[in-house]
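Given next are the chains, with one letter for each unit.
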Amino acid sequence: LCRDLFGITMVEQDIPLQDRWDGSTATTPPDQRVRCFVLQDDAKGGRPLGTIYLDLHPRAGKYGHAAHFTVRCGCIVNAAASSQRQDETNDDNNGDDDDYQLPIVALVCNLSSAGE
């Protein structure tokens, strides 16, 4: 759906067990784990746009409402150097990708699992 509507591919990434906050283990069903996706811009050769964590299903100890968290904002991290390069090249792409910090967000919900 994201690819068809927006030209964005969602590529799932593994989350090491020590980095998980959902308490899952190797035997936890995949539809009950937190999932991580890197979003990529198909029009620009798969250039990364950011990362989203999806914590979608209820579990013991999890609060009952939905929320969105910005883990790290997307921003230009070296505005002076980026602006100088932009002026020198007459390029309007906001400078090098190296100057842009990619965003990381988390979407936390309590949706029913497919089997419920």
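Refer to the structure presented above.
This text gives an overview of the structure that appears in the document. (Residues numbered from 1 in each chain as written. Predicted model: local features only at pLDDT ≥ 70, side-chain atom pairs only at ≥ 80, totals over all residues. Heavy atoms only, no water.)

The helix and strand inventory of the chain stands at two helices and seven strands. The N-to-C order of helical and strand elements in the chain reads α-β-β-β-β-β-α-β-β. Buried residues in the chain amount to 26% of all 116 residues. Taking the contacts inside the chain whose residues are at least 6 apart along the sequence as the reference set, 61% of them involve residues at least 24 apart. Of the accessible surface of the chain, which amounts to about 7,900 Å², a share of 52% is contributed by carbon and sulfur atoms. (Helix = DSSP H or I, 4+ residues; strand = E, 2+ residues; numbered from the N terminus. Buried < 20%, exposed > 50% of the residue type's maximum accessible area, 1.4 Å probe, protein only. Contact = heavy atoms within 4.5 Å. Areas by Shrake-Rupley, 256 points an atom, 1.4 Å probe, with all protein chains shown as cover.)

Together, L1, L5 and F6 line one region of the surface with nonpolar side chains, adding up to about 410 Å² of accessible area. Mapped onto the elements, L1 comes out in the segment before α1 (2-6). On the basis of relative accessibility, which here comes to 77%, the residue L1 falls in the exposed class. (Patch = residues over 30% accessible without salt bridge, like charges linked within 9 Å, V, L, I, M, F, W, Y side chains within 5 Å. Salt bridge = Lys/Arg side-chain N within 4 Å of Asp/Glu carboxyl O.)

Distances and angles like these do not, on their own, reveal function.
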